[in-house]
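What follows is the residue order along each chain.
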Amino acid sequence: MGQFLGRRALHSGIALIGLILAVFFLVRLTGDPTDLYLPIDASLETRKEFAEKHGFDRPATEQFVVFLKDVSEGDLGYSLRKQRPAMELVLEAYPTTLALAGVAMSLSIILAVLVGAIGAYRPGGVFDRISSIASLAGASAPDFWVAITGILLFAVTFRWLPTSGTGDWPYWVLPIVVLMLRPFGLMVQVVRASMLGALASAYVKTARAKGVRETSVIFVHALRNACLSIVTVAGDLAVGLINGAVIVETVFGWPGVGKLMIDAVIQRDFPTVQATIMVTATAIFLMNIVIDLLYVALDPRIRHQ
Amino acid sequence: MSSAPILEVENLQIEFRTGRDTVHAVNGVSFQVESGETAAILGESGSGKSVTASAIMRLLQSPPAFVAGGSIRFKGQDILSLPISQWRDYCGREIAMVFQDALTSLNPVFSVGWQIAELFKAHGIAKGRDADNRAIELLERVGIPDPASRAKDYTHQFSGGMRQRVMIAMAIALGPDLLIADEPTTALDVTVQAQIMELLESLRQDSNMAMILITHDLSVVADVADNVAVMYAGRVVERGPVADVLGRPAHAYTLALLDSVPQARGKGSKLRPIVGSPPDLARIPKGCAFNPRCRFASDLCRNETPPIVEVTPGRTAECHHAEQVFNDG
């Protein structure tokens, strides 16, 4: 087990270095931040001073060496925009993202399992047909469009919910619902397909022959087997969400890491971009470890290999 | 022998409705099982024997399967009219089933101990540690060494024979009065087959349980069964005590079956495979379903459904030429 985790950590470390390299040089291709941070009529001297202060006057490779040295000392630089350590900004925004992603993902899983399992129990039935169409629509609806339509309808027209920002539960409703659409829609289909297979299996027949109650047959015997493929897809989708839901956070002005990242990119706030990427990449690595451990916990056949 | 039969199947008809075809898997099957006896259902694949077994347990997936007619009475109770949830209370407790392939019939993600203990929990007989201990006792009873630690193992950690023993432990857990064994040894090595049959037989005798043994293996039938029903194309074509039926068949199909098996008859007789293949159950031949493959077939067989002939008391055959087969076979 330790060996397995060690190998995973090594692979992720290599991937992280590649990612940092790419991000570091790519953001610098977007242009010179000096133009964005100084007034248009700033003197040449002021510009030079700004570039020198942040090291932008030196070649990119030299900047990278300095960056690596700073990172090894745990320093990810100062945000150009906020004049605060970039790491601080990221760690402030991250819990907000995680809370939103966590709630959306948990609700999606619970609902998708219920809907998918009930649909698979009577394939072709009324419930199955309605849920199949609904899940397909959910999975394929463009989230920016749903988000904006949702704001127009529930915030502007009906005035039931706030338009943007964060706070009490009304602020959470629209972002969560929009964020849930895709994971819910995709997972209903995965749950349905894997439950169809599980319910048709011989062990389900055995369970019925034992006199096990039908709810147990579905939600214990069949679902426990279907879990394996559900975890694969749910894990993938969860990784997508902890990345920061860039579109949803931007449309709803949600102060999460996705919004932080996109703002930093637009404003050429290099240190903040680098810090968000490093933190989300680490989170994704941890998430993947959790998924692997879940597999091991769920499937005894993997455990004994 | 005993009073009322434990199971009476009366003119059972089962259809699979798939698209435009209707497959007549079981076409009026009748038989009884007395309590404490071993009744064999013998037949080729596609003869309807497993479908009949699944129908008794009410395990058929509907659609596509439909019971088109007939009745099944268990201990005098018409089970097809019971709500399914009520019938499930009987399952495991009074009637149990051993399936053919234990590898797929056991749940891969639960320990075998858990799967056995579940029976006690599902029927409200025992729970927690008590149920676990009973599961261990059962594993010991079916001859699994080191049962306490094996109970924590999963299906994939057992050999084929051991897996079938687990399956049997589950089936006998609550001491059912009737056990349906659907090809219990087909998936196993020959040497293991004998051990499993011995185990089933000794467990059956210990508790005076009745058993329906579904198989295509004549030697198994000859070894353990009291009575046999030979099935062909969804009908019981011959019924009677095992020694009589296999010793002196009265149906052309039974005779052909015996002729086609190496070990079943005395030495010297030539092997004669049955020509052709079992009929398409969506297009069963007119008259006797066996007529296209039968060496006794006459015009009568091709046109008229054969009557049920009582060959000797307690023995029936559905054959126009029953007398001839019985006397000359």
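How each quantity is defined
Residues numbered from 1 in each chain as written. Chains lettered and ligands numbered in written order. Predicted model: local features only at pLDDT ≥ 70, side-chain atom pairs only at ≥ 80, totals over all residues. Heavy atoms only, no water. Contact = heavy atoms within 4.5 Å. Buried area = accessible area lost by both parts, 1.4 Å probe. Salt bridge = Lys/Arg side-chain N within 4 Å of Asp/Glu carboxyl O. 1 Å grid on protein atoms, 1.4 Å probe; cavity = no way out; pocket = protein on both sides within 12 Å on 5 of 7 lines; lining within 4 Å. Points joined across faces, edges and corners; volume = space filled by probe spheres on them. Helix = DSSP H or I, 4+ residues; strand = E, 2+ residues; numbered from the N terminus. Nonpolar A, V, L, I, M, F, W, Y, C, P; charged D, E, K, R; others polar. Buried < 20%, exposed > 50% of the residue type's maximum accessible area, 1.4 Å probe, protein only. Domains from an automatic or database assignment.

Below, the discussion takes up the interface of chain A and chain B. At the interface, 18 residues of chain A touch 28 residues of chain B. Carbon and sulfur atoms make up 60% of the surface buried where chain A meets chain B, a total of about 2000 Å² over both sides. A per-residue breakdown of the area chain A buries against chain B is headed by Lys205, Ala209 and Lys210 of chain A, which together make up 28% of the total. Taken together, chain A and chain B are joined by one salt bridge.

All right, on to the layout of surface pockets then. Of the pockets and cavities examined, the largest pocket occupies roughly 790 Å³. Around the largest pocket, the lining comprises 25 residues; the ones closest to its centre are Arg122 and Arg208 of chain A together with Leu60, Gln61 and Ser62 of chain B. Mapped by element, the contributors of at least two residues to the lining of the largest pocket are helix 5 (86-121) and helix 8 (169-199) of chain A together with strand 4 (65-74) and helix 2 (84-90) of chain B. Its residues assigned to classes, the lining of the largest pocket comprises 16 nonpolar, three polar and six charged. Within this model, the second largest pocket holds a volume of roughly 410 Å³. In terms of lining, the second largest pocket is formed by 19 residues, of which the most central are His54, Val66, Asp70, Gly77 and Pro271 of chain A. At the level of elements, helix 1 (2-29), helix 3 (44-54), helix 4 (60-72) and helix 13 (270-298) of chain A are the ones that each hand at least two residues to the lining of the second largest pocket. Here the lining of the second largest pocket takes four residues from helix 4 of chain A, the largest share from any one element. Among the residues forming the lining of the second largest pocket, the class breakdown is nine nonpolar, five polar and five charged.

A few words now on the pairing of strand 3 (residues 38-42) of chain B. By the criterion of burial, strand 3 of chain B is predominantly enclosed, with five of the five residues buried. Burial along strand 3 of chain B is two-sided: the residues Thr38, Ala40 and Leu42 of chain B and Ala39 and Ile41 of chain B are all buried.

Here the focus is the domain arrangement of chain A. Residues and elements named next belong to chain A. Per the domain assignment, the segments of chain A are domain 1 (2-72) and domain 2 (87-303). Inter-centroid distance (C-alpha atoms) of domain 1 to domain 2 is 33 Å. The interface of domain 1 with domain 2 comprises 21 residues on the first partner and 15 residues on the second. Together domain 1 and domain 2 conceal approximately 1700 Å² of surface at their shared face, both sides included; 73% is due to carbon and sulfur atoms. When the area that domain 1 buries against domain 2 is broken down by residue, the three leading residues are Arg8, Val27 and Tyr37, summing to 23%. Across the domain 1-domain 2 interface, the total number found is one salt bridge. Listing elements by their share of the side of domain 1 that touches domain 2, those giving two or more residues are helix 1, helix 2 (34-37) and helix 4. The leading source of residues in the side of domain 1 that touches domain 2 is helix 1, at twelve residues.

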